[in-house]
Structures are given as structure tokens and as C-alpha cells.
Amino acid sequence: QVQLVESGGGLVQAGGSLRLSCATSGSGFRPNLMRWYRQAPGKQRDFLASITSIGSTNYADSVKGRFTISRDDTKNTVYLQMNSLEPEDTGVYYCNAPSLTGPLWGQGTQVTVSS
């Protein structure tokens, strides 16, 4: 069974940093495209960043210059390095990948940024 498992969330002060991880499990599952999303309290889930199998990246304007997405295919893991965090970055962070059976989502990891 293919799964995505996020980790690395927590409580951080404004201006601080966190690194999130998304581990992929499942025999032979090697998604070409991985994405990170954020869902703030009471709001919709928003796209943050994506990375392809060849390392091409794309970012939402709200995180460009502060967040960096990367992947380590030897560990089947995608990362989201988050710097200069702001209280508006508070939310549950999810990773996402396409699959033959439809989009896959992890369970999410909570990030709280205090002012």
C-alpha cells in the first residue's frame, strides 16, 4: 500500500525555520511530481511548492524566496525547508503525489508560528 507520511512540524517563533519531510512508502512507487500544500484554520488547502523528478521547482508567490522544496530519491523523501516563518504560515502542511489510483495525500503535520 502506497503512503505519504509527513513529519517535522511544530511550534516556532516568527522568523524561525523548520524543515518538513514527506516519506513515500510502497513498493515501486516513484512519483514524478511531488507537491506541498498548506491548510490554515478555516481556509482551503493551498498549493505551496512542487518538484519534478528532474528537480524542476515551482512556488506559490506567498512562499517564494522563503521556502525551498527538495527531494532525495535514495530515501524516497521530499523536503520543505521553511525560513523566515510568519504567523500567517500557521496551518497543517500536506504532501501530495499523483498515482494511478488518483491523488495521494499524507495525514499532514501541524506548523504553528507564534508572533
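These notes cover the structure that comes with them.

Definitions and cut-offs
Residues numbered from 1 in each chain as written. Predicted model: local features only at pLDDT ≥ 70, side-chain atom pairs only at ≥ 80, totals over all residues. Heavy atoms only, no water. Salt bridge = Lys/Arg side-chain N within 4 Å of Asp/Glu carboxyl O. Helix = DSSP H or I, 4+ residues; strand = E, 2+ residues; numbered from the N terminus. Buried < 20%, exposed > 50% of the residue type's maximum accessible area, 1.4 Å probe, protein only. Phe/Tyr/Trp six-rings, centres within 6.5 Å; stacked < 30°, edge-to-face > 60°. Pairing = 2+ DSSP bridges.

**Some words on the pattern of salt bridges**
Item 1. Summed over all chains, the structure comprises 4 salt bridges.
Item 2. Of the charged contacts in the structure, one is a salt bridge between Asp 89 and Arg 38, with a shortest N-O distance of 3.0 Å. Note that Asp 89 is positioned in the loop between strand S8 (77-82) and strand S9 (91-97) and Arg 38 in strand S4 (residues 33-39), a separation of 51 residues in sequence. By the burial criterion, Asp 89 is buried, and Arg 38 matches it.
Item 3. Here Asp 89 makes a salt bridge to Arg 66, at a shortest N to O gap of 2.8 Å. Of the two residues, Asp 89 is situated in the loop between S8 and S9 and Arg 66 in the loop between strand S6 (57-59) and strand S7 (67-72); the sequence distance between them amounts to 23 residues. The pair formed by Asp 89 and Arg 66 is uniform in burial state, with each residue classed as buried.
Item 4. Because the salt bridges share partners, they merge into one network encompassing Arg 38, Arg 66 and Asp 89.

**Points about the packing of aromatic side chains**
Item 1. Enumeration over the complete set of coordinates arrives at 3 aromatic pairs.
Item 2. Aromatic pair Tyr 37 and Phe 47: ring centres 5.8 Å apart, planes at 75°, arrangement edge-to-face. Here Tyr 37, found in strand S4, pairs with Phe 47, found in strand S5 (residues 45-52); they are 10 residues apart in sequence, far enough to count as distant.
Item 3. Note on Phe 47: relative accessible area 27%, which makes it partly exposed.
Item 4. When the centroid spacing of 6.3 Å and the interplanar angle of 90° are considered together, the rings of Tyr 94 and Trp 105 count as edge-to-face.

**Remarks on the pairing of S8**
Item 1. Along S8, 5 of the 6 residues are buried, which leaves the element largely enclosed by surrounding structure.
Item 2. Here strand S3 (residues 18-25) runs beside S8; their pairing, made up of 6 bridges, is antiparallel. When the sheet's bridge partners are listed, Arg 19 is paired in S8 with Gln 81.
Item 3. Sheet analysis places S7 next to S8, joined by 6 bridges and oriented antiparallel. Each bridged residue has a counterpart across the sheet, and for Thr 68 the counterpart in S8 is Gln 81.
Item 4. The turn joining S7 and S8, which pair antiparallel and follow one another in sequence, is formed by 4 residues; a positive phi near 50° is taken by Asn 76.

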